[in-house]
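Below, each chain spelled out in residue letters.
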Amino acid sequence: MVTVKDIAEYCGVSNATVSKALNGYGDISPVTADRIRQAAKELHYMPNVAARQLKTNISHSIGVLFEDSTNSGLTHEFFSRILNAAKIEAEQSGYDITFISKNIGGRPASYLEHARYRHCDGVLIASVDFQSRAIEELVQSEIPTITIDYSFNNHSCVMSDNVEGGYALAKYLIDKGHKKIAFIHGEDTSVTKKRFVGFNRALSENGITVPDEYLIEADYHNPDCSRTATRQLMELPNPPSAIMYPDDYSYIGGLMELERMHIKIPENVSVVGYDGIALSQYLHPVLTTYRQDTEEMGKISAKKLIESIEHRKTCEAETLYIRGKLLEGHSVKQLL
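In short, a report on the structure. Just so we're clear, the structure is a prediction, and the values are computed from it rather than from any experiment.

Conventions used here
- Residues numbered from 1 in each chain as written.
- Predicted model: local features only at pLDDT ≥ 70, side-chain atom pairs only at ≥ 80, totals over all residues.
- Heavy atoms only, no water.
- Salt bridge = Lys/Arg side-chain N within 4 Å of Asp/Glu carboxyl O.
- Pairing = 2+ DSSP bridges.
- Helix = DSSP H or I, 4+ residues; strand = E, 2+ residues; numbered from the N terminus.
- Axes fitted to C-alpha atoms, helices over the stretch in contact; angles between N-to-C directions.
- Contact = heavy atoms within 4.5 Å.
- Buried < 20%, exposed > 50% of the residue type's maximum accessible area, 1.4 Å probe, protein only.
- 1 Å grid on protein atoms, 1.4 Å probe; cavity = no way out; pocket = protein on both sides within 12 Å on 5 of 7 lines; lining within 4 Å.
- Points joined across faces, edges and corners; volume = space filled by probe spheres on them.
- Nonpolar A, V, L, I, M, F, W, Y, C, P; charged D, E, K, R; others polar.
- Phe/Tyr/Trp six-rings, centres within 6.5 Å; stacked < 30°, edge-to-face > 60°.

**A closer look at the pattern of salt bridges**
This structure, assessed with the given rule, holds 14 salt bridges. Beyond isolated ion pairs, a larger network of salt bridges with shared partners links R227, R231, E257 and R260.

Pasting the structure below:
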């Protein structure tokens, strides 16, 4: 195994100079630092993780806690993009990613126990039951955490601007002349509540009210639920002229039901999605949707978590809002 001493002898410098170059210190010349790093690469040098942990008390391991009620796992396009961006950012900073669950080698364990067992320096939490005792226990522990789209008091979180997203979609439909707007929304979560705020704000600003039967709950990322809700809406005596779906993936269920009912998009009903996943831009017609900036959410969450790990005494807890943008497709009809 190649050591710092081997690199030092290879380059004709001291062990201390090699250590400074590999750790990014600026008190050696750039030319020397580049030569040492190139030598380390040529010699296939790998740092001694155990020794580094003893010295810094940091294992350079970040836990990821991700659970999805639809059991989509890493095929969940929205969250998988966030987690991939977080992984890239963490690895660039020298951290490895490990997944946290409720078991260790087949034995039941709490999230906190698993994080400690894996020696996680911090944990990124996404798509879980944030109100569960197990999550509360982990967040309130000594291990730094950062949450996605949910805020705990005095803890950092990264939030997609769901108020803006709900507002942007509703306002777009209104500007296209729609007043009979239905909202198939996700289950009762903080994300749903914020999208409702934006939705209602747009309606209120334009003096529009919608009947209660236009507002239907359907699980996120569940096409079957949205398919049922779509049929319920379109069988009303006074059906909507436009439907907002909880997310792009769920909309596929609505699309199938509309086709089964021989209702054309956008000729007979206009539709919009949410998330801006790649698939939405390959549907026919191309779906108008609100793209959440998943890459930025993942990158910022990893950066903030690493900051809280490496600078515990000076890192300030904060809520970081990431704005998205409306993607205009061909699924909305302009009314007179």
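**Section: the sheet that holds strand β1 (residues 61-66)**
Taken in spatial order, the six strands of this open sheet run β2-β1-β5-β6-β7-β13, and their pairing is parallel. The open sheet terminates on both sides in strands that have one partner only, identified here as β2 (96-99) and β13 (319-322). With strand direction ignored, the average angle separating the axes of adjacent strands in the sheet is 20°. In this structure, β1 lies alongside strand β5 (residues 122-126), joined through five bridges in parallel fashion. When the bridges of β5 are listed, F66 appears paired with A126. Its contacts with the sheet put helix α5 (residues 77-92) on β1, β2, β5 and β6 (145-148), and the angle it makes with β1 is roughly 175°.

**Describing the pairing of strand β7 (residues 157-160)**
Burial of β7 is two-sided: the residues C157 and M159 facing one way and the residues V158 and S160 facing the other way are all buried. Direction of pairing for β7 relative to β13: parallel, over a ladder of four bridges. The residue bridging V158 from the neighbouring strand is L320, located in β13.

**Here we look at the side chain of H185**
By the element assignment, H185 lies in strand β8 (residues 181-185). Of the residues examined, H185 reaches a relative accessible area of 10% and is grouped as buried. Ignoring any residue separated from it by four or fewer positions in sequence, one finds H185 in contact with T192, F196, L215, I216, E217, A218 and P246.

**Thoughts on empty space enclosed by the protein**
In total, this model carries one cavity of 30 Å³ or more according to the counting rule given. Counted as a void, the largest cavity has a volume near 40 Å³. Lining the largest cavity, in full, are H76, E77, F78, H221, D247, D248, Y249, D275 and I277. Split into classes, the residues belonging to the lining of the largest cavity amount to three nonpolar, two polar and four charged.

**Quick word on the packing of aromatic side chains**
What the rule picks out here adds up to 10 aromatic pairs. Residues F66 and F79 carry aromatic rings whose centres are separated by 5.5 Å and whose planes lie at 45° to one another, so their mutual orientation is tilted. Taken together, the residues span a long stretch of sequence, with F66 in strand β1 and F79 in helix α5 at a distance of 13 residues. F66 sits in the buried class, given a relative accessible area of 12%. Their ring planes at 45° and their centres at 5.4 Å tell us that Y274 and Y290 sit as a pair that is tilted. Taken together, the positions of Y274 in the loop between β11 (270-272) and β12 (289-291) and Y290 in strand β12 put the pair 16 residues apart, joining distant regions of the chain. Accessibility expressed as a relative area gives 2% for Y274, which makes it buried. A residue is classified by how much of its surface remains accessible, and Y290, at 1% relative accessible area, is buried.

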